[in-house]
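# Coordinate inspection notes
Chain residues, written in single-letter form:
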Amino acid sequence: MSQVPDLDLDQVARLARIALTPEEKARFSAQLGDVIAYIALLKEVDVSGVEPTAHAFPVSNVWAEDVAQPGLPVEAALRNAPARRDNLIAVPKVVE
Amino acid sequence: MKPAGSPALFHQTVAALAAQLEARQLSAVELMRAVIARTEAVEERVQAFNSHDAADALAQAAASDARRAAGQARGPLDGIPVGLKDVIAVEGQPLTASSRMLANFVSPYDGTAARKLKAAGAVCWGRLNLDEFAMGSSTENSAFRTTRNPWDLERVPGGSSGGSAAAVAAGEAIVSFGSDTGGSIRQPAALCGIVGMKPTYGLVSRYGLIAFASSLDQIGPFARTVEDAAIALGAVAGHDPLDSTSVPVEVPDYRAELAKRRGPWKLGIPKEYFGAGLDPEVGAAVEAAIGHYRKLGCQVREISLPHTKYAVGAYYIIATAECSSNLSRYDGIRYGHRAAGAKDVVDLYFQSRAEGFGAEVKRRIILGTYVLSSGYYDAYYLRAQKVRTLIRRDFLEAYKEVDAILTPTSPTPAFKRGEKAADPLAMYLSDTYTIGVNLAGLPGLSLPCGFTRDGLPIGLQIIGQPFAEAELLAIAQAYERDHDWVGRHPEL
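First, a word on scope: everything that follows refers to the structure included in this document. (Residues numbered from 1 in each chain as written. Chains lettered and ligands numbered in written order. Predicted model: local features only at pLDDT ≥ 70, side-chain atom pairs only at ≥ 80, totals over all residues.)

### Description of the pairing of strand β11 (residues 457-463) of chain B
In the case of a regular strand, side chains alternate between the two sheet surfaces. Residues and elements named next belong to chain B. Keep this limit in mind: With C-beta atoms placed from the backbone, a residue counts as buried when 20 or more other C-beta atoms lie within 10 Å of its own, as exposed when 12 or fewer do, and as partly exposed for counts between those limits. For the purposes of this entry, the term helix denotes a DSSP run of H or I that reaches at least four residues, the term strand denotes a run of E that reaches at least two, and both are numbered from the N terminus. Paired strands, in this sense, are two strands between which DSSP finds at least two bridges.
Of all seven residues making up β11, seven are buried, and the element is well covered by its neighbours. Here β11 shows no split at all, with P457, G459, Q461 and I463 on one side and I458, L460 and I462 on the other all buried. Here four bridges tie strand β9 (residues 404-408) to β11, and the two strands are oriented antiparallel to one another. From the neighbouring strand, I405 faces β11, where its bridge partner is I463. In this structure, strand β10 (residues 444-451) lies alongside β11, joined through six bridges in antiparallel fashion. Paired with L445 across the two strands is I462, which belongs to β11. Hairpin connection from β10 to β11: five residues lie between these consecutive antiparallel strands, with G455 at a positive phi of about 80 degrees.

Structure, rendered in structure tokens:
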């Protein structure tokens with residue numbers, strides 16, 4: 001198992017908004033080290049002058065008519081909310 | 001009268017069952033009852049389903065019978081029990097992605113695939129297990145259960161659509177649908193001894209498919225025969241304004257096209273797919289299948305896809321980058337798991353995601369966040385997208401010479417449970433032969449081409465040209481027609 005010197009797991013997990021336990025940090029650090037060492041293989045490919053591909057079949061300028069369509073009823077849209085009050089989703093206080 | 005020696009209802013094909021339904025020798029309710037009874041008999045061992053609702057399925061089947069009695073039957077899928085991977089939204093049914101994050105989620109709407117299947121009269125039967133958020137190759141990453149391979153319960157069914165493959169192989173559904181981002185339909189189809197097809201990117205709408213890597217994900221069918229796959233694909237294919245990446249192409253009647261396309265074809269064998277790491281029994285079975293195409297008069301030639309060795313690396317950059325973005329929506333606020341006792345809203349994100357996601361999902365989100373993070377974007381993500389261009393170019397170059405490409409689907413037959421669970425990289429490499437197809441956006445199909453000495457199924461992958469699904473299916477059927485792998489079922 002290899003370690004990658006430039007993978008700051010704490011920083012990346014913070015960006016990803018995932019709290020990691022010390023055990024997860026140790027395990028992921030080694031496992032991701034292997035994976036990052038493997039993907040470094042791509043550095044040997046000559047990509048000069050090659051355009052990137054985002055989608056294999058790019059479909060550009062897809063527009064919809066600006067016409068109102070029926071949406072989800074409020075009750076259906078809120079059915080999966082973890083906490084609700086009246087017709088709103090309840091969350092912890094954001095501003096003191 | 002059922003001919004003597006014909007297989008049990010739950011092992012029959014859509015084509016055979018549709019003929020019996022049409023002739024009123026069978027009702028959809030009888031068929032559904034047979035599938036429910038089979039599921040009750042084997043599911044404890046197979047563990048293909050996250051959930052199923054027998055009463056609801058019987059009600060759908062009764063509605064199908066009523067339509068048929070009124071002369072309003074909707075075609076070959078009307079009344080057929082169709083299983084769906086638990087990432088395909090069906091209104092009122094659970095939609096969990098086999099994740100604690102969505103353990104209690106019920107879909108408020110039908111995705112396009114479900115809407116079209118219902119319009120075709122199919123009975124939407126059960127929610128099929130997968131690797132959490134479709135990330136994995138063994139279905140061991142499910143938060144809920146480990147699906148077993150029906151041919152050997154100590155082995156994995158493949159993944160991520162392992163439940164969808166196992167259910168059809170075990171007779172718990174007649175056909176099913178999964179999703180394929182890097183091989184998640186073709187690899188489990190190979191390991192479970194059935195047909196599985198990933199369509200060209202953009203042929204099937206992704207509206208109502210839980211997103212993993214949006215530029216790679218496609219919904220596709222699992223079936224016992226190529227003809228059944230053609231029927232099932234035809235039901236869900238087609239342009240959809242609700243998916244902006246859906247491509248406006250004409251959808252032929254794939255089943256009718258089968259009879260019209262008889263070859264012979266020019267077939268390419270990429271030398272890079274037959275190197276180190278290929279199990280000798282798998283290699284021998286695939287070589288024998290290639291030999292059969294030669295006997296059919298096909299021109300078979302060796303080709304080269306020179307960037308093959310970079311496909312897995314490019315894939316794990318692109319797919320994880322897209323997943324880190326797609327899965328940012330699971331924040332514990334609007335739906336999904338919410339951690340208790342968070343001290344503020346940001347802490348709520350951290351804790352909800354820590355509790356809701358399993359290890360593989362966390363690893364991939366973190367890897368994807370890393371490759372997109374400031375200072376690394378050019379070195380990883382942008383470079384991977386350029387390598388993707390080269391991989392796609394390799395295939396398009398090959399298609400100037402050949403009509404389709406033959407390869408093994410998976411380098412090995414089904415592996416033992418737990419064998420690769422602690423080594424993500426080894427697991428990733430099991431997708432070596434399927435991943436390039438997703439990066440290039442091509443259609444790929446796996447069909448049974450034999451068994452190992454231990455009785456494990458082996459899959460042949462056929463890779464087609466963009467939107468040439470009709471040709472691809474016909475090539476597959478030309479092999480299937482002359483072999484009897486379809487007639488073999490696992491002992492359960």
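Next comes the rest of the description.
### Section: the interface of chain B and chain A
Filter applied, for reference: Residues are treated as contacting if the C-beta atoms built from their backbones sit within 7 Å of each other. Residue polarity follows a fixed list, in which Ala, Val, Leu, Ile, Met, Phe, Trp, Tyr, Cys and Pro are nonpolar, Asp, Glu, Lys and Arg are charged, and the others, Gly among them, are polar.
In this assembly, 55 residues from chain B lie in contact with 42 residues from chain A. Looking at the side of chain B that touches chain A, the elements with two or more residues in it are α10 (311-326), α11 (345-356), α12 (359-372), α13 (378-398) and α14 (424-429) of chain B. Per-element tally for the side of chain B that touches chain A: the top contributor is α13(B), with 11 residues. The residue inventory of the side of chain B that touches chain A, partitioned by class, reads 32 nonpolar, 13 polar and 10 charged.

### A look at the packing of α10(B) against α12(B)
Residues and elements named next belong to chain B. Selection rule: The axes are straight lines fitted to the C-alpha atoms, using for helices just the contacting stretch, and the angles between their N-to-C directions are given from 0 to 180°. Throughout this description, any angle smaller than 35 degrees is read as roughly parallel, any larger than 145 degrees as roughly antiparallel, any in the 65 to 115 degree range as roughly perpendicular, and the remainder as oblique.
Packing of α10 against α12 brings their axes to within 7 Å, and their N-to-C directions diverge by 100 degrees. It follows from the interaxial angle that α10 and α12 lie roughly perpendicular. Residues I317, T320, A321, C323 and S324 of α10 pack against R364, I365, L367, G368, T369, V371 and L372 of α12. Of the residues in the contact of α10 with α12, the class split is seven nonpolar, four polar and one charged.

### Digging into the nonpolar core
Residues and elements named next belong to chain B. Stated precisely, the cut-off is as follows: A set of buried Ala, Val, Leu, Ile, Met, Phe, Trp, Tyr and Cys residues, joined through C-beta atoms within 7 Å, is what we mean by a nonpolar core.
Counting 168 residues, the largest nonpolar core has V82, I88, V123, V175, A314, I317 and I366 as the members making the most contacts within it. Examining the composition of this core, we find that 10 residues originate from one element, α10, more than from any other. The contacts of V123, once residues within four sequence positions are left out, are A28, M32, A57, Q60, A61, S64, G79, I80, P81 and V82.

### Considerations on helix α7 (residues 226-236) of chain B
All names here are of chain B. For α7, a buried count of 11 out of 11 residues is recorded, marking the element as mostly surrounded by other parts of the structure. Those residues of α7 that sit buried are V226, E227, D228, A229, A230, I231, A232, L233, G234, A235 and V236. Following α7 by one or two positions, G238 adopts a phi angle in the positive range, close to 130 degrees.

### Some remarks on the sheet that holds strand β8 (residues 299-303) of chain B
Residue and element names in this part refer to chain B. Within the open sheet, the 11 strands sit side by side as β1-β3-β2-β4-β6-β5-β10-β11-β9-β7-β8. Their pairing is mixed. In the strand order of this sheet, the two ends are held by β1 (49-51) and β8, each with one partner. Sheet twist, expressed as the average angle between the axes of neighbouring strands with direction ignored, equals 35 degrees. Relative to the sheet, helix α3 (residues 54-69) contacts β2 (81-85) and β3 (123-128), its axis offset from that of β3 by approximately 160 degrees. The strands touched by helix α5 (residues 162-170) within the sheet are β1, β2, β3, β4 (175-180), β5 (195-198) and β6 (218-223), with β4 carrying the most contacts at an inclination of about 160 degrees.

### Quick notes on unusual backbone geometry
Residues and elements named next belong to chain B. With an omega dihedral of 10 degrees, the bond running from G159 to S160 counts as a cis peptide bond. Looking at the secondary structure, you find S160 in the loop between β3 and α5. Geometrically, the link from G263 to P264 is a cis peptide bond, its omega value of -5 degrees lying close to zero. When you line up the elements, P264 lands in the loop between α8 (254-260) and β7 (266-270). In this structure, S98 takes a positive phi of about 50 degrees despite not being glycine. The topology assignment puts S98 in the loop between β2 and α4 (112-119). Residue class for S98 comes out buried when judged on the 33 C-beta atoms lying within 10 Å of it. Its identity as a non-glycine residue notwithstanding, F133 has a phi of 50 degrees, on the positive side. Mapping F133 onto the fold places it in the loop between β3 and α5.

### Considering the pairing of β5(B)
Residues and elements named next belong to chain B. Because side chains alternate across β5, one face comprises the buried residues V195 and M197, and the other comprises G196 and K198, equally buried. Both β5 and β6 contribute to a ladder of two bridges, which runs antiparallel. Looking at the pairing, G196 lines up with F222 of β6. Of the strand pairs in this sheet, β5 and β10 are connected by three bridges, and their pairing is antiparallel. Paired with K198 across the bridge in β10 is G444.

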